[in-house]
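What follows is the residue order along each chain.
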Amino acid sequence: MDKTFHVVVKRICLLLSVSLVMLLMGIACSGSGGGTDNPDPDPEPTGPTPLQWVKPKHFPDPVYDLTKNPLTAEGVLLGKFLFYDGILSRTNIIGCGTCHQQQSAFTHHGHELSHGVDDKLGTRNAPAVQNLAWNTSFFWDGNVHGLDSVPLNPIQNKVEMDETMDNILVKLRATPNPASKVQVDYPKMFKAAYGTTEITSEKVRKALSQFMMTIVSANSKYDYYVLGDAAAFTADEKAGMVLFKQKCSSCHSGELFTDFSFRNNGLPPKKINDQGRYAITKNNSDLNKFKVPSLRNVALTAPYMHDGRFVTLEQVLNHYTDSMQSSETLDDVFKLAGGKVGVNLTASEKQSIILFLRTLSDDQFIRDPALSDPGVGNAL
């Protein structure tokens, strides 16, 4: 299959990580005389290194406009450090990577609701940060429509990061700070990425977008199969795929396994009266509708639903067959003959679909060092 995207990103990010670390630590290369008291000075960088972003062969065209924020190796690296750095929160502890962990496909595995500053709980399950280049809206209610604006929501949320961008800029400009546990020279990193030590909100957000653009999952067993490796699937997995397309693809369609729509899937209300999309639009037809999530890496991202109420994939499918609640805004796809609601699946069909869903796990993605925490506790 075409692995160009991962090869390009991984090799360039790793090489630039090493070279940029050396630059920021002030390690000078010695001159031709070697070992002199007056080594040659470090050459001034000529500018950020362009990084080619390659669309996976079988994916649709991305929504994100890269012409407005071209990727560079230095920009991606800066965004990576920012993504994992708690400096974006009021307590300097909670980073994006706290609730979006790579080994769980950038979700918070095992947590119905993530813990933010001062151990406060939110009201929704942390969605997967993957394949964001194709998203037309973000978050469970779709209240943000541009990737560059996504970080502002968790940063400003009182139970997530509870910080202001103005405060973040002050902290970034003051680094490295001997009193801080995190020793990163961000002015130097911004200069490497943008040619100037000036740090602005726009540059912070665009650097984060650059890194998030590289968080692409497209190397699962399923991908190998659809790109021509017939031996990648067992007969049972193929049967599960056929069933999935018959029963689930009305919402979880295409290579991204979502149509990016907002739907009411019949979840009974819980103590938190989350009304979903309605809270944004105030349109009664959007009551209790939530964004259809991608099912890529779904076996790694439990718990499930906007409030993390289901722990297993079995529980999810049992909801669709046995526990769905009818309402005026319940999606038409779940309305069956005779006034019944749900999806008709036998116990064996459920297991077959789950077997297929497990083929969407991308082991390369969750272990890719180009996406890993760079260790912001180390001096840079």
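Source: prediction; values computed, not measured.

*Asks:* Help me out: how do you make sense of the environment of Arg-309 in this one?
*Replies:* Tracing the sequence through the fold places Arg-309 in the loop between β2 (290-291) and α11 (313-323). The class of Arg-309 is buried, set by a relative accessible area of 18%. Residues Arg-309 and His-111, 198 residues apart in the sequence, show an inter-C-alpha distance of 9.8 Å. A polar atom in the side chain of Arg-309 sits 2.8 Å from the backbone oxygen of Pro-268. A polar contact is formed between the side chain of Arg-309 and the side chain of Asp-307, at a distance of 2.8 Å.

*Asks:* Honestly, the packing of helix α5 (residues 165-173) against helix α7 (residues 201-213) in this entry has me stumped. Any pointers?
*Replies:* Packed helix pairs are characterised by how far apart their axes lie and by the angle those axes make with each other. Interhelical geometry of α5 versus α7 gives an angle of 85° and a closest axis separation of 10 Å. When the axis of α5 is compared with that of α7, the two are roughly perpendicular. Residues Met-165, Leu-169 and Leu-172 of α5 pack against Ser-201, Val-204 and Arg-205 of α7. Considered class by class, the residues forming the contact of α5 with α7 number four nonpolar, one polar and one charged.

*Asks:* How do you make sense of the side chain of Thr-258 when you look at a structure like this?
*Replies:* By the element assignment, Thr-258 lies in the loop between α9 (235-247) and β1 (262-263). For Thr-258, the side chain forms a polar contact with the main-chain nitrogen of Phe-260, separated by 2.9 Å. If we skip the residues at most four places from it in the chain, Thr-258 touches Cys-251, His-252, Ser-253, Val-292, Pro-293 and Ser-294.

*Asks:* I keep staring at the packing of aromatic side chains and nothing clicks. Help me out?
*Replies:* For any pair of aromatic rings, geometry is given as the distance between the ring centres together with the angle between the planes. Throughout the structure, instances matching the rule amount to 16 aromatic pairs. Geometrically, the ring pair formed by Phe-257 and Phe-356 is tilted, given 6.3 Å between the ring centres and 50° between the ring planes. On the criterion of sequence distance, the pair formed by Phe-257 in the loop between α9 and β1 and Phe-356 in helix α12 (residues 347-357) is long-range, its members being 99 residues apart. The two residues Phe-257 and Phe-356 agree in class, both being buried. An aromatic cluster of at least three residues, connected via ring pairs, comprises Tyr-222, Tyr-225, Phe-233, Phe-244, Phe-257 and Phe-356. The aromatic ring of Phe-262 is capped on one face by Arg-277, whose charged end is 4.5 Å from the ring centroid.

*Asks:* In this structure, what is going on with the pattern of salt bridges? I would like to understand it.
*Replies:* Side chains that differ in charge, positive against negative, can pair when their charged atoms come close. Overall, the coordinates contain 16 salt bridges when judged by the stated rule. A salt bridge links Glu-202 to Lys-206; its shortest N-O distance comes to 3.3 Å. Placement of both Glu-202 and Lys-206 in helix α7 is noted, with a separation of four residues, approximately one turn of the helix. Judged by relative accessible area, Glu-202 falls into the partly exposed class, the value being 45%.

*Asks:* How should I be thinking about the side chain of Glu-237 in this particular structure?
*Replies:* Mapping Glu-237 onto the fold places it in helix α9. When its relative accessible area of 7% is taken as the criterion, Glu-237 is described as buried. A distance of 3.1 Å separates the side chain of Glu-237 from the side chain of Lys-221, its partner in a polar contact. Apart from the residues within four sequence positions on either side, Glu-237 is in contact with Lys-221, Ala-232, Leu-355, Phe-356 and Thr-359.

About the cut-offs
- Residues numbered from 1 in each chain as written.
- Predicted model: local features only at pLDDT ≥ 70, side-chain atom pairs only at ≥ 80, totals over all residues.
- Heavy atoms only, no water.
- Helix = DSSP H or I, 4+ residues; strand = E, 2+ residues; numbered from the N terminus.
- Buried < 20%, exposed > 50% of the residue type's maximum accessible area, 1.4 Å probe, protein only.
- Polar contact = N/O pair within 3.5 Å; in protein donor to acceptor, adjacent residues only side chain to side chain.
- Axes fitted to C-alpha atoms, helices over the stretch in contact; angles between N-to-C directions.
- Parallel < 35°, antiparallel > 145°, perpendicular 65-115°, else oblique.
- Contact = heavy atoms within 4.5 Å.
- Nonpolar A, V, L, I, M, F, W, Y, C, P; charged D, E, K, R; others polar.
- Phe/Tyr/Trp six-rings, centres within 6.5 Å; stacked < 30°, edge-to-face > 60°.
- Lys NZ or Arg CZ within 6 Å of the ring centre and 35° of its normal.
- Salt bridge = Lys/Arg side-chain N within 4 Å of Asp/Glu carboxyl O.

Nothing here speaks to function; it is geometry throughout.
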